[in-house]
Amino acid sequence: MKSEYGAYGEYGAYADHTDQYVDGGWRPSLEAGSIPVLDPATERLLATVPAGGAVDVDAAVAAARRAARAWGATTAAERLVPLTRLRDGLAAHRTEIAATLVAELGAPIAFATAVHAALPLAVTESYLALLDGYSFEERVGNSVVHAEPAGVVAAITPWNYPLHQIVAKVVPALAAGCPVVLKPAEDTPLVARLFARLVEAAGFPAGVFNLVTGTGPVAGAALVGHPGVDVVSFTGSTAVGRTVAETAGRGIKRVTLELGGKSANVVLPGADLARAVNVNVANVFANSGQTCSAWTRLLVHRDQYEEAVALAAKAAGKYLPGDPADPRTRIGPVVSARQRERVRGHITGALAEGARLVVGGTGAPDGLDTGYYVRPTVLADVTAGMAVAREEVFGPVLTVLAYQDEDHAAELANATEYGLAGGVWAADTATAARFARRLDAGQVDLNGGRFNPRAPFGGYKNSGLGRELGRHGLEEFLQYKSLQY
Ligand code: NAD
């Protein structure tokens, strides 16, 4: 397969794409509009993709419906054949995937390679392993319960981990026997097109996977409201998730929502403070802070507060924003001018509310007037009532809050509308685990426990509905039929 995308010469040049991947082929979009794709590091136009509309969505959903019965009737072993080829394609195109995410997301090449390209591969692998031994049938008394595909899936994804979020929906849906229509984020459609080419090369039957690029309010809304869609799997902001759930509810569609977060990292007395703070800084600055599960609130005991702030300042000083194509760069730009203004607005607002600027701030980093760069920022003296402690910033901004005792720490950690993730550090993991059970959050890392792509991922409270990844992620795409004997 020839390389087509990427900002940097060897991966290809500017392209005006006018096609959508529908019904097993690349077909001209039925709408005339286009969406510009910009390189966040240079502000240069990389490509355009079609701004698909309701007619494109109609064609894609119709293709998916035509494919649904035959694909749903395949055995797991039959589905494993193209899914394994898709895994092989993701592995073979790692370099191109990483380069595409350097170009359209501004992800540093080292992170793009280690996370953006590698994680989708790990998730796909996990579904190959799961499908291999999964039982779609269970005997319950005088019944046999069949797990059947839940129907045509609308997958709507954001731009922050664009390929991971696509794979976390599309692969389990296909594994469950559901056809999919994918509407990726406007800012990062090129990696979605690359993924569609890998699906095409893997040899799935026509209509089983379809890609429609377009804006959220037009193509996304048309897809969610389409009567031919049975399941909506959405990842994005809580505000849009709410409207998606309302529309899906009217259509009695199953809905899975992966939404925003404002996660706390709680360092209990007795923990390794330096390690906890260093890991927190790395966690919140990774991907320029554009991580839904980022630990954006560091909670430390008031007796250790100034020590923690000093450690955070020292660690943050090692993050110099720079060219994402340079292998030494640890932090690149944020995705868009809009996002940069939003993040800077949050910093300004926090300072106005009395937060203390420890490092960073609202100006452009030195020498980086072009590109959507934000200074990696640490804010101290943040209190629970401040907007920056409650609202999702989605940029490289760490807030540090003080607690008085464990009860206060738990109360602060839970004092937002979100409940996606968290961290707990203690003298031993048993103590950390006990405290973690008090947090309203879907996943909590204990003393730096690693991300596990087989464990269920999803939020409590306004962070979402349902789970992705692993067995729980597969079961979002299954419905059950009981036969009584
Ligand atoms: P967004 O909600 O603006 O957009 C997400 C997707 O929804 C895009 O594809 C967009 O085009 C589409 N969309 C927008 N309006 C729509 C509408 N009316 N109907 C249907 N679709 C519509 O979010 P974003 O700015 O792209 O992504 C960032 C957000 O995603 C953050 O809030 C972040 O926390 C969240 N996120 C959550 C998770 C998770 O797993 N919980 C993971 C990553 C990102």
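As the structure is a computational prediction, the values presented were derived from the model and not from experiment.

Definitions and cut-offs
Residues numbered from 1 in each chain as written. Predicted model: local features only at pLDDT ≥ 70, side-chain atom pairs only at ≥ 80, totals over all residues. Heavy atoms only, no water. Near = heavy atom within 4 Å. Polar contact = N/O pair within 3.5 Å; in protein donor to acceptor, adjacent residues only side chain to side chain. Areas by Shrake-Rupley, 256 points an atom, 1.4 Å probe, with all protein chains shown as cover. Helix = DSSP H or I, 4+ residues; strand = E, 2+ residues; numbered from the N terminus. Nonpolar A, V, L, I, M, F, W, Y, C, P; charged D, E, K, R; others polar. Contact = heavy atoms within 4.5 Å. Core = buried A, V, L, I, M, F, W, Y, C linked by side-chain atoms within 4.5 Å. Buried < 20%, exposed > 50% of the residue type's maximum accessible area, 1.4 Å probe, protein only. Domains from an automatic or database assignment. Pairing = 2+ DSSP bridges. Axes fitted to C-alpha atoms, helices over the stretch in contact; angles between N-to-C directions. Phe/Tyr/Trp six-rings, centres within 6.5 Å; stacked < 30°, edge-to-face > 60°. Lys NZ or Arg CZ within 6 Å of the ring centre and 35° of its normal.

Caption draft 1: Representation of the site of the ligand. Within the structure, the ligand sits among 28 residues, and Lys 183, Glu 186, Ser 237, Leu 259 and Glu 392 are positioned closest to it. Measuring from an oxygen atom of the ligand, one finds a side-chain N or O atom of Trp 159 at 3.1 Å. In the environment of the ligand, an oxygen atom lies 2.6 Å from a nitrogen or oxygen atom belonging to the side chain of Ser 237. Here the ligand loses 90% of its free accessible area of 850 Å² to cover by the protein chains. Tallying contributions element by element places helix H7 (residues 216-225) first for the shell around the ligand, with four residues. Here the shell around the ligand is built from residues that sort into 15 nonpolar, nine polar and four charged.

Caption draft 2: Inspection of the side chain of Thr 377 at higher detail. Among the structural elements, Thr 377 can be located in strand E16 (residues 375-380). A distance of 3.0 Å separates the side chain of Thr 377 from the backbone nitrogen of Gly 361, its partner in a polar contact. Apart from residues no more than four positions distant in its own chain, Thr 377 is found in contact with Phe 285, Ile 347, Leu 357, Val 359, Gly 360, Gly 361, Pro 396, Val 397 and Leu 398.

Caption draft 3: Geometry of the nonpolar core. Judged by nonpolar contacts, the single largest core of 65 residues is most densely connected at Leu 86, Ile 97, Phe 195, Phe 204 and Phe 209. For this core, the element with the most residues is helix H5 (residues 162-176), which contributes ten residues. For this core, the domains that each give at least three residues are domain 1 (6-259 + 464-484) and domain 2 (264-453). Core analysis: the second largest hydrophobic core is formed by 30 residues, Ala 355, Leu 379, Ala 389 and Leu 439 among them.

Caption draft 4: How the structure looks around the environment of Asp 56. Tracing the backbone shows Asp 56 in helix H1 (residues 54-72). For Asp 56, the residues in contact, after removing those within four places along its chain, are Gln 20, Ser 29, Leu 30, Glu 31 and Val 212. At 3.3 Å, the side chain of Asp 56 and the side chain of Ser 29 are in polar contact.

Caption draft 5: Region of the structure containing the sheet that holds strand E18 (residues 421-425). The seven strands lie next to each other as E15-E16-E17-E14-E13-E18-E19, forming an open sheet whose pairing is mixed. Both outer strands of the open sheet, strand E15 (356-361) and strand E19 (443-446), are each paired with one neighbouring strand and no more. Taken over all neighbouring pairs, the strand axes of this sheet differ in orientation by 15 degrees on average, direction set aside. Where E16 meets strand E17 (residues 397-403), three bridges bridge the pair, whose relative direction is parallel. In the strand pairing of E17, Thr 377 is matched with Val 397. Helix H9 (residues 273-285) contacts strand E13 (264-267), strand E14 (297-301), E16, E17 and E18 of the sheet and is inclined by roughly 145 degrees relative to E17.

Caption draft 6: Spatial organisation of the packing of aromatic side chains. Per the stated rule, a full pass over the model turns up ten aromatic pairs. When the centroid spacing of 5.2 Å and the interplanar angle of 55 degrees are considered together, the rings of Tyr 21 and Trp 26 count as tilted. Since its relative accessible area comes to 24%, Trp 26 is described here as partly exposed. Among the aromatic side chains, those forming a connected cluster through ring pairs are Tyr 21, Trp 26, Phe 195 and Phe 209. Arg 139 extends its terminal NZ or CZ atom over the ring of Tyr 485, reaching a point 5.7 Å from the ring centre. Directly above the ring of Tyr 319 sits Arg 330, whose terminal nitrogen or CZ lies 4.2 Å from the centroid.

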